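Summary of structural features
These are the residues of each chain, in order.
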Amino acid sequence: MDTVHLPSHDHPVVRHVSPADTLNWLKAGWRDLKKAPADAGFYGAAFVLMGFFLVFYFEEAPQVVITLMALFLLVGPFLAIGLYDIARQIEIFHGNRVNLAQSLVAWRANIPSFTLYAALLAVLVFGWFRVSLLIFALFYETSAPTLSILVSEAFSPEHLAFLIAYFGVGLLFALLVFAVSAVSIPMMLDKEIDAISAMVFSVQAVYKNLMTMLCWAAIIVALTAVGFASYFVGLLLVVPLIGLSTWHAYRAMITYER
């Protein structure tokens, strides 16, 4: 199986980007999607099936399904490695050749870094899982309401305090994961860089471009919400678009100098 490597440079440099650039990333991601619709759509279909599985299997356990849907957002960047690799292949081969099989094992390009990142992400995910269950236990001492009740009475006074606590804590976890993963995973795929350094550069990129990255995070959340609202079917398009666009966000914010 062929492997692709971009020229190796020495020192990563974080560049400033404007909020308007987020639209350029989406446009570039859309162009990539049109060049490899079947390959990118494979990953979208995988996310759709995951969504169906969660709702079907945990229909009567909202404290689990809601938590797992949140984890769906937290681990998304790691699961999207294959999409980053597809965007990378399109960039290198100018859209003339995309190898789906290669994208499925793209993590092998930097196994130590991806392994450490996965371990750190697992710690965060486990922490969020425990905290979310604790919040459910604090607000519902006897039994948790069904998912349908939570949805139909989401803004009732009875559930409002729970929603504020749950989504407030969830937001903190999401922001932390977003900061350390915004460009770190594409960076580890692109270069032989360790996970800690990649996450540090990711945090720097978010800090230097705070308003832009907040806009980018809002776009990702909005698109993902559309995917969820369409009973996960919309994820077939949303997930590839976000993944491919994220590669271009990385390219825009990180450059390399000798």
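If you look the chain up in an unreviewed UniProt entry, it shows as DUF2189 domain-containing protein from Crenobacter caeni.

1. What to know about the overall build of the chain
Along the backbone of the chain there are 13 helices and 2 strands. In the chain, which comprises 258 residues, the proportion classed as buried is 48%. Once local pairs closer than 6 in sequence are excluded, the contacts in the chain between residues at least 24 apart make up 80%. Counting only carbon and sulfur atoms, one obtains 70% of the accessible surface of the chain, whose full area is about 12,900 Å².

2. Brief notes about the side chain of Asp85
Inspection of the secondary structure puts Asp85 in helix α5 (residues 81–93). Within the structure, Asp85 has its side chain in polar contact with the side chain of Gln89 (distance 2.7 Å). In this structure Asp85 touches Gln102, Ser103, Ala106 and Leu189, once residues within four positions along its chain are discounted.

3. Considering the UniProt feature "transmembrane region" (unreviewed entry) in the chain
The UniProt feature table records "transmembrane region" (unreviewed entry) at residues 40–58, 64–87, 160–185, 206–225 and 231–250. Secondary structure across residues 206–225 comprises 95% helix and 0% strand; the distance between its end C-alpha atoms is 22 Å. In residues 231–250, the share of helix is 80% and the share of strand is 0%. The end C-alpha atoms are 30 Å apart.

4. Digging into the pairing of strand β1 (residues 11–14)
Looking along a regular strand, one sees side chains alternate from face to face of the sheet. Burial along β1 is one-sided: the residues Pro12 and Val14 are buried and none of His11 and Val13 is. When β1 meets strand β2 (residues 254–257), the two strands line up antiparallel, connected through 4 bridges. Bridge pairing in β2 places His11 opposite Glu257.

5. Some thoughts on the packing of helix α7 (residues 111–139) against helix α11 (residues 195–208)
Across the interface, α7 lies against α11 with an axial gap of 8 Å and an inter-helix angle of 65°. One way to sum up the angle between α7 and α11 is to call them roughly perpendicular. For the pair α7 and α11, contact is made by Ser113, Leu116, Tyr117 and Leu120 and by Ala195, Ile196 and Met199, respectively. Its residues assigned to classes, the contact of α7 with α11 comprises 6 nonpolar, 1 polar and no charged.

6. Observations regarding the side chain of Ser202
Mapped onto the fold, Ser202 is located in helix α11. Here Ser202 falls in the buried class, since its relative accessible area comes to 0%. At a separation of 2.7 Å, a polar atom in the side chain of Ser202 contacts the main-chain carbonyl oxygen of Ala179. Those residues in contact with Ser202 that lie beyond four places of it in its chain are Phe178, Ala179, Val180, Ser181, Ala182, Val183 and Ser184.

About the cut-offs
- Residues numbered from 1 in each chain as written.
- Predicted model: local features only at pLDDT ≥ 70, side-chain atom pairs only at ≥ 80, totals over all residues.
- Heavy atoms only, no water.
- Helix = DSSP H or I, 4+ residues; strand = E, 2+ residues; numbered from the N terminus.
- Buried < 20%, exposed > 50% of the residue type's maximum accessible area, 1.4 Å probe, protein only.
- Contact = heavy atoms within 4.5 Å.
- Areas by Shrake-Rupley, 256 points an atom, 1.4 Å probe, with all protein chains shown as cover.
- Polar contact = N/O pair within 3.5 Å; in protein donor to acceptor, adjacent residues only side chain to side chain.
- UniProt positions renumbered as here; feature names shortened; annotations may be inferred.
- Pairing = 2+ DSSP bridges.
- Axes fitted to C-alpha atoms, helices over the stretch in contact; angles between N-to-C directions.
- Parallel < 35°, antiparallel > 145°, perpendicular 65-115°, else oblique.
- Nonpolar A, V, L, I, M, F, W, Y, C, P; charged D, E, K, R; others polar.

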